[in-house]
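Observations on the three-dimensional arrangement
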Amino acid sequence: MDLNTFCRELPKIELHAHLNGSLSRSTMLQLQRYLADFGVSDKSNAFLDEFQIGSGDRRNLSDCFQVFNIAHSLTSTQDTLAMATALTLKEFEDDGCCYIELRSTPRDTPHMTSRQYIETLIETLNTANTNLSIISCLIISINRGRLPSEGDGIADLAIEYHKKYPNLVVGIELSGNPTVGKFQDFVPALQRAREAGLKVTLHCGEISNPEEVSDMLMFKADRIGHGICIHPNYGGNESTWNLLCNYQIPVEVCLTSNINTKSILQYSSHHFKELYGANIPIILCTDDKGVFATSLSQEYSICAETFGLDASKLARLSLKACDYIFMTDKRKILREKILNFINKNEL
Ligand code: 6MZ
């Protein structure tokens, strides 16, 4: 079996996927047609070609926050949000993903409230869990670029829906443009959500800011996303690196995202090497598969080729990811599924 086929067939766990960054071109075209049929105007038409940020693109991390508006104009109604979610989950399943924690930022649009946004996602995930083999659940996102009071409102909704659907609304996270807003302003909302039983993951160290990275690591989130500027060679310092090594916080690693946003110059100099070498738990993820034109199986292939991981090591990376999922009662069944694959392929 060649590497790409192996990576597609390997049952995989996706823990860092933003819904509105994950839309494929085909999904976006379907949403466009649907909105046009119903006479809803969207601004995406002229900009669809600008949605993808490939490796040769001149745009950087800050620019990439503009492109999400293109997806947002397509997911502004309950119908298109549901379609976008269902189509995206199916694409992850087709790529050999057996479990996904999809994340998204609830927002008011001219056609729905934040509450309706969450309800639409819950309903769609529930349906997907009966119709598809992939197991799906939801992490609610707070955008650090918005007011802390908005974060409070989102935390309230996350807590309310976690109580109603504890097996579906499993976590809360902080994302958005890292050059805007302060982590500390969102701590009360995140802390409240954590006390109500939600797991927490934070975008941490996408840009160099050792003080904020220290605060985030000391918050002891259940996982962190990216974790670029933590090691001293990557814009962190000894103290931030020691904190991560001591706390062993699992890192959601998004290789292609970091390359295409120019946070990292080439795959071979990605901090995966340092994290892996220090035995920090790693979960390979896509981040925004639509924007960065990737897939989870492609991320596994790139990882194998760049860092020389053989099939057995790759499969064990996927197996280990089960330990860090937020739907804790699914750990056993997912481990068994991946172990079956390992045994069948004599890895
Ligand atoms: C930080 C990111 C991100 O929530 O509307 N988002 N935040 N760093 C990244 N690295 C590239 N990629 C995506 O999906 C889009 C939103 O996810 C966050 C941003 O807040 C973006 O607006 P949802 O489904």
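Residues numbered from 1 in each chain as written. Predicted model: local features only at pLDDT ≥ 70, side-chain atom pairs only at ≥ 80, totals over all residues. Heavy atoms only, no water.

This is how the line gets drawn: UniProt positions are given in the numbering used here, feature names are shortened, and annotations may be inferred rather than shown by experiment.
Going by the annotation in an unreviewed UniProt entry, the name recorded for the chain is (African queen) hypothetical protein, with Danaus chrysippus given as the source organism. According to the UniProt record, the Sequence similarities (unreviewed entry) comment for the chain is "Belongs to the metallo-dependent hydrolases superfamily. Adenosine and AMP deaminases family." Database annotation for the chain, UniProt heading Cofactor (unreviewed entry): "Zn(2+)".

1. A word on the site of the ligand
Threshold: Note on terminology: near, applied to a residue and a molecule or strand, indicates that one of the residue's heavy atoms is within 4 Å of it. N or O atoms closer than or at 3.5 Å make up a polar contact, with two conditions inside protein: a donor-capable atom paired with an acceptor-capable one, and, for residues adjacent in sequence, both atoms drawn from side chains. Per-residue accessibility takes into account occlusion by the displayed protein chains alone, with areas from the Shrake-Rupley method and a 1.4 Å probe. Here a strand is any run of E in DSSP of at least two residues, a helix any run of H or I of at least four, and the numbering for each starts at the N terminus. Classification used: nonpolar for Ala, Val, Leu, Ile, Met, Phe, Trp, Tyr, Cys and Pro, charged for Asp, Glu, Lys and Arg, polar for all others including Gly.
The ligand sits among 20 residues. The nearest are His72, Ser104, Thr105, Glu206 and Asp288. The separation between an oxygen atom of the ligand and a polar side-chain atom of Ser104 is 2.7 Å. The contact in question runs from a nitrogen atom of the ligand to an N or O atom on the side chain of Asp288, over 2.7 Å. A total of 520 Å² of accessible area belongs to the ligand in isolation, and the protein chains cover 97% of it. It is helix H3 (residues 61-74) that provides the largest number of residues to the shell around the ligand, a total of five residues. Grouping the amino acids of the shell around the ligand by side-chain chemistry returns six nonpolar, 11 polar and three charged.

2. Re the nonpolar core
Convention followed: Joining through side-chain atoms within 4.5 Å is the link that ties buried Ala, Val, Leu, Ile, Met, Phe, Trp, Tyr and Cys residues into a set, and such a set is a nonpolar core. Relative accessibility decides the category of a residue: with a 1.4 Å probe and only protein chains considered, values under 20% of the type maximum give buried, values over 50% give exposed, and everything between is partly exposed. Contact definition: two residues touch when any of their heavy atoms are within 4.5 Å.
In terms of nonpolar packing, the biggest core is built from 112 residues, with Ile13, Leu190, Leu244 and Phe272 touching the most fellow members. If you tally residues by element for this core, the top one is H3, at seven residues. For Ile13, the residues in contact, after removing those within four places along its chain, are Cys98, Tyr99, Ile283, Leu284, Leu296, Ser318, Ala321, Cys322, Ile325, Leu334 and Ile338. The next biggest cluster of nonpolar side chains, apart from the first, holds five residues, and it includes Ile228, Cys229, Tyr234 and Ile259.

3. With respect to the packing of helix H13 (residues 311-321) against helix H14 (residues 331-344)
The line we're drawing: Each axis is a line fitted through C-alpha atoms, taken for helices only over the stretch in contact, and angles between the N-to-C directions span 0 to 180 degrees. Any angle between 65 and 115 degrees counts as roughly perpendicular, while under 35 counts as roughly parallel, over 145 as roughly antiparallel, and the rest as oblique.
At a minimum axis separation of 9 Å, H13 and H14 run at an interaxial angle of 170°. In terms of axis orientation, H13 runs roughly antiparallel to H14. When H13 is examined against H14, the residues Ala315, Arg316, Ser318 and Leu319 are found in contact with a partner set consisting of Arg335, Ile338, Leu339 and Ile342. Among the residues forming the contact of H13 with H14, the class breakdown is five nonpolar, one polar and two charged.

4. A closer look at the packing of aromatic side chains
Aromatic ring pairs are described here by two measures, namely the spacing of the ring centres and the angle between the planes. Note the cut-off: Working definition: a ring pair exists when centres of Phe, Tyr or Trp rings (six-membered ring for Trp) sit within 6.5 Å. Plane angles under 30 degrees give stacked, over 60 give edge-to-face, the rest tilted.
For the structure shown, the criterion picks out six aromatic pairs. The interplanar angle of 55° and the centroid separation of 6.0 Å between the aromatic rings of Phe65 and Phe68 together place this pair among those described as tilted. Remark: Phe68 and Phe65 occur in helix H3; sequence separation between them is three residues, near one turn of the helix. In this structure Phe65 comes out as partly exposed when scored by relative accessible area, which is 22%. We classify Phe68 as buried; its relative accessible area is 14%. Each member of the aromatic cluster is reached from another via a ring pair, and the members are Phe272, Tyr276 and Phe307.

5. What about the pairing of strand S5 (residues 199-204)?
Threshold: A pair of strands is treated as paired once DSSP finds two or more bridges between them. Look down the strands so they point away from you; if going from the first strand over the helix to the second traces a clockwise path, that crossover is right-handed.
When you tally the buried positions in S5, you get five out of six residues, the bulk of the element. Where strand S4 (residues 169-175) meets S5, four bridges bridge the pair, whose relative direction is parallel. Note on S5: the bridge partner recorded for Leu174 is Leu202. For the handedness criterion, the β-α-β arrangement of S4, helix H7 (residues 183-195) and S5 is classed as right-handed. Bridge count for S5 against strand S6 (residues 223-226) is four bridges, and the pairing is parallel. Within the sheet, the bridge partner assigned to His203 lies in S6 and is Gly225. In this fold, the crossover linking S5 to S6 by way of helix H8 (residues 210-218) has right-handed handedness.

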